[in-house]
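Summary of the model geometry
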Amino acid sequence: MSGEILISARGLEVAFGVRGGGGRAVQAVAGIDLDILRGETLAVVGESGSGKSTLGRALLHTVPVTAGTVRFDGVDLARLKGPALRRFRRRFQMVFQDPYGSLNPRLSIGAAIAEPLVVHRLASGAALKARIAECLKMVGLDPAVASRKPHAFSGGQRQRICIARAVAARPDFIVADEAVSALDVSLQGQILDLFQDLKDQVGLTYLFISHDLGVVRQIADRVAVMYLGKVVELAPTAALYGRPRHPYTQALLAAAPTPDPALERQRPEPPLRGAPPSPADAPIGCRFHTRCPHAAEVCRTTPPPMTQAAPNHFVACHLAGAPELAPSPRTT
Amino acid sequence: MIRAFGLLRRSPPAMVGTIILAVVLFVTLAAPLVSPADPRQVNPEARLLPPMSSALPAASAPAGRPTLHILGTDAIGRDVLSRVIYGGRISLAVGVLAALLSGAFGMLVGCISGYWGGWIDAAASWLVDVQLSFPFLLLAIFLLGALGGGVAAVIVILALGTWVNTARIVRGQVLSIKSQGYVEAALTTGASPGRVLLRHILPNTLSPVVVLASFAMAQAILTEAGLSFLGVGLDPSTPSWGTMMNDGRDYLVTAWWIGAVPGLAIAVTVLGATLLGEGLRDLLDPRRGR
Amino acid sequence: MSGPLLNVEGLSISLPTPAGRITAVSDVSFHVHAGEAVGVVGESGSGKSLSMLSLLNLLPPEAEVRAAHATFDGENLFGRSPMELMHLRGRQIAIVFQDPLAALNPVLTIGRQITEVLRRHFGMGKAQATSRALELLAEVGVPDPPLRLRQFPHEFSGGMRQRVTIAMALAGEPRLLVADEPTTALDVTVQAEIVSLIKRLQRRRGMAVLWVTHDLALLARIADRVVVMHAGKLIETAPVDQLFSAPAHTYTKQLLASIPRIDRVRARAPAAQEGSDVG
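Residues numbered from 1 in each chain as written. Chains lettered and ligands numbered in written order. Predicted model: local features only at pLDDT ≥ 70, side-chain atom pairs only at ≥ 80, totals over all residues.

1. Details of the overall build of chain A
- Looking only at helices and strands, chain A features eleven helices and twelve strands.
- Over its C-alpha trace chain A gives a radius of gyration of 21 Å, about what one expects of a compact globule, namely 20 Å for 332 residues.
- Seen through its principal axes, chain A has C-alpha atoms that stretch 65 × 55 × 40 Å.
- Burial status across chain A gives 49% buried among its 332 residues. (Helix = DSSP H or I, 4+ residues; strand = E, 2+ residues; numbered from the N terminus. Rg over C-alpha atoms; globule rule 2.2 N^0.38 Å. Buried ≥ 20, exposed ≤ 12 C-beta atoms within 10 Å, placed from the backbone.)

Following this line, the structure appears as structure tokens:
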């Protein structure tokens, strides 16, 4: 990791929905400042309604951004219009959750992988074929299968093909949106390893979006926890899992099952009641206060700012320093 | 080609329909070879002869053996069978061209509507609703009167009758395809909307369009016949099945074959096209897991 | 305890496919004692859901189900008349599915759907059924039951809907609750609450639970015993502590090793072949 900032978001907001009078717009992303360093894997975790998928798309500007800026390698994406933005897309790509829907059933997988190269006019003819074969090899598939259609492949293989497509044009940055969630557990590890290998071989930066804390632990350098459109905690992986400081992060970690029956038997009852409020109805003040076991008066009225709780460890919580919030250290 | 044939075999209606249409097409295209006589040959001596009559050639014709008029002659002695064979060229051409035009236009509007949505979609839907609220036949008669006759005008009018269906269905297809992951993937890659439309969306809408085109052809042939029968379609001197039926109108009781034979030809062709359309629809039904 | 509540031996299920008949489940045996929580774990295509559905005759008629031995409370499960099945389903054995929307009728209020179960199985009158329904909703942790009783399924969030289907399942006072991936579609915090709820209910009612899932770690939290299935076969069955600490079969070891853990980064997975994806 070079420590250099590749992507920088400031005051990022994405709202959907009713315009004009009447209904309220749904704020999927409600004001986020985030830096992603070149060469790192930043994971974004959250549950439904957290806005993590929208954040990924907002950084790539594939959904309209309602406020704030995204700078990619210093370039303000909002200043790029139409064809210029499309040309810029060579530098960042996305791998999606559903390996079955992400590939056009009528195109051969070779054609699918070739698409970014053709769109950006990077190769043609023999050079194109060579690059396709190279990409297939990189993801562990036999180049001879390039002429077959997606239905001939299993889910895990299709995801590999999607990854091959994502790296074909040599991008700098890849957003993986729940990229392993639809796969069996035994395949998840393989695909995560593939992501890591490609990163080492080719030099990539990842934004890894997931709801699965176990998966994130395996691959992330830093983790951002999102709740209802805001980042509530941001820290290096070991620090976040070892000493989570935000009550929501603590609840998430407590809720995730570990394959250790003895440990599980000792767990207290889940502290959180109820479901997250709908993003259309976000609470005033700290968005988490309605479910927070420690909510105080200030939490009900004022949104907490992001403060530094430890080196490189940021929390958005009024009570972050309070002793009752300090969790017992977990084994690493 | 062979694979397509194998596919056809799975659906009896499609098979039968294709055979019928193939025969009709062959006969009309090979008219000079197949037709027993010159369809324009007038023979005042042999007027209104019933089927299977033979007659001496006309005074104006080159001398020869007596001709057997398998399906009789019309009011001015022309061989009905020959007229039907040659007339088929016009009717089929009109039908096919109308179907193609309807399919192309419907697909264009459906794609643009479905893909861009917004006011374009609203405008197109409004247009469709307006057209649908007019009784088609009246609209056709009015337009034909305004534009004058002529084959081109008739083809356009016929296409007008069926493009709406295609547009609606294609629009629905585009909407559902738009939400597919691979469309978002292509856009994220940096493909232009035009490329996405042409390369990813359009090919996946072709199946229903082919089905609809078959039905459109059937409908075009019928409508042309109807319009010509009413005297507002093709010019009566153009030998199409419809105009022939118009000719036979005055002789329904006395020389029924003049109108009935082209009518039968229409029925058989329309049956063929409809069967093909139904068969294709079943074959291309995604639930069959193609 | 005189013997297992549910005892299945040599279960085999075959299904017709375009490519001919395939054996989806082959010679699988398991049992559940009264009050016990048994977890059935397997990846996609393992046959775990099929096995559960077959117990209540919920498979399509084309499926061929055979078992050397399949009893519930000493009586045969298969070969029952439709009347007997209806009595069995809901009253003795209840199922909770992954998708609550599939189990709930969108046009009937929740109250109607729960009271229907009560009236059918216990012949309760309307007033009695309504008050019992309110109790059930409170028991599963639905806030403000009188209001919720009058609402429709779409007015509930995913987690709430699942609580409602659990309430419906409990209405018949079943002795065995079969849960087929009930929390897979839920957020992890909601899942934790549902798991906690079912554990509580199990203890309070002495109910047996058969929990089917692809998430092995989840079973560490809820199961007393674990059954591992793969490609239609039974791989291993063991008490939960033993399965996690000393798995006997290679597949179980691989499965355990591949779970993404939150407490450590695992060693690189060996270059294993692709799993048996179905379809």
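2. Digging into the confidence of the model for chain A
- Chain-level statistics for chain A give a pLDDT mean of 89 and a share of 93% at 70 or above.
- This stretch, residues 328-332 of chain A, has a pLDDT under 50; its non-local contacts, to residues over four places away or in other chains, come to nine contacts. (pLDDT = per-residue confidence, 0-100. Contact = placed C-beta atoms within 7 Å.)

3. Thoughts on the arrangement of the chains
- The highest contact count of any of the two pairs of chains in contact belongs to chains A and C.
- You won't find any contact between chain B and chain C; their C-alpha atoms come no closer than 11 Å.

4. Describing the interface of chain C and chain A
- Between chain C and chain A, the contact holds 40 residues from the first and 41 residues from the second.
- Sort the elements by how many residues they give to the side of chain C that touches chain A and helix H8 (residues 188-205) of chain C lands first, with seven residues.
- Residues of the side of chain C that touches chain A, tallied by class, amount to 18 nonpolar, ten polar and twelve charged. (Nonpolar A, V, L, I, M, F, W, Y, C, P; charged D, E, K, R; others polar.)

5. Side note on the sheet that holds strand E12 (residues 313-315) of chain A
Residues and elements named next belong to chain A.
- With mixed pairing, eight strands are arranged side by side in an open sheet as E6-E7-E8-E3-E9-E10-E12-E11. The open sheet is flanked by strand E6 (92-95) and strand E11 (307-310), the only strands paired with a single partner. Averaged over neighbouring strand pairs, the angle between their axes works out to 20 degrees when direction is ignored.
- Where strand E10 (residues 230-236) lies against E12, two bridges are found, and the strand directions are antiparallel. Note on E12: the bridge partner recorded for Leu-234 is Phe-314. (Pairing = 2+ DSSP bridges. Axes fitted to C-alpha atoms, helices over the stretch in contact; angles between N-to-C directions.)

6. Some words on the domain arrangement of chain A
All names here are of chain A.
- Split into domains, chain A comes out as domain 1 (1-79 + 200-332) and domain 2 (82-171).
- Taking the mean C-alpha position of each, domain 1 and domain 2 sit 31 Å from one another.
- On the side of domain 2, five residues touch domain 1, which itself brings five residues to the contact.
- When grouped by side-chain class, the residues that make up the side of domain 1 that touches domain 2 number four nonpolar, one polar and no charged. (Domains from an automatic or database assignment.)

7. Some words on the environment of A:Asp260
- Topologically, A:Asp260 is positioned in the loop between helix H9 (247-255) and helix H10 (261-265).
- With residues near it in sequence (within four places) discarded, A:Asp260 still touches C:Ala220 and C:Phe244.

8. Side note on the packing of helix H3 (residues 109-119) of chain A against helix H5 (residues 155-167) of chain A
All names here are of chain A.
- Their axes nearest at 7 Å, the elements H3 and H5 cross at an angle of 30 degrees. Overall, the two elements H3 and H5 adopt an arrangement that is roughly parallel. The handedness of the crossing between H3 and H5 is right-handed. From H3, Ile-109, Ala-112, Ile-113, Glu-115 and Pro-116 reach across to H5, where they touch Ile-161, Ala-164 and Arg-165.
- Partitioned by chemical class, the residues of the contact of H3 with H5 number six nonpolar, no polar and two charged. (Parallel < 35°, antiparallel > 145°, perpendicular 65-115°, else oblique. Left-handed = near helix turned anticlockwise from the far one by under 90°.)

9. Details of the interface of chain B and chain A
- The partner chain A presents 19 residues to the 15 residues of chain B that form the contact.
- Only helix H8 (181-189) and helix H9 (193-201) of chain B provide two or more residues apiece to the side of chain B that touches chain A.
- The leading source of residues in the side of chain B that touches chain A is H8(B), at seven residues.
- Classifying every residue of the side of chain B that touches chain A by side-chain character gives six nonpolar, eight polar and one charged.

10. Observations concerning the nonpolar core
- In terms of nonpolar packing, the biggest core is built from 246 residues, with C:Ala167, C:Leu210 and C:Leu219 touching the most fellow members.
- Two domains each donate at least three residues to this core, and these are domain 1 (1-79 + 200-332) and domain 2 (82-171) of chain A.
- Residues within four places of C:Ala167 in sequence aside, it is in contact with C:Ile114, C:Leu136, C:Leu137 and C:Val140. (Core = buried A, V, L, I, M, F, W, Y, C linked by C-beta atoms within 7 Å.)

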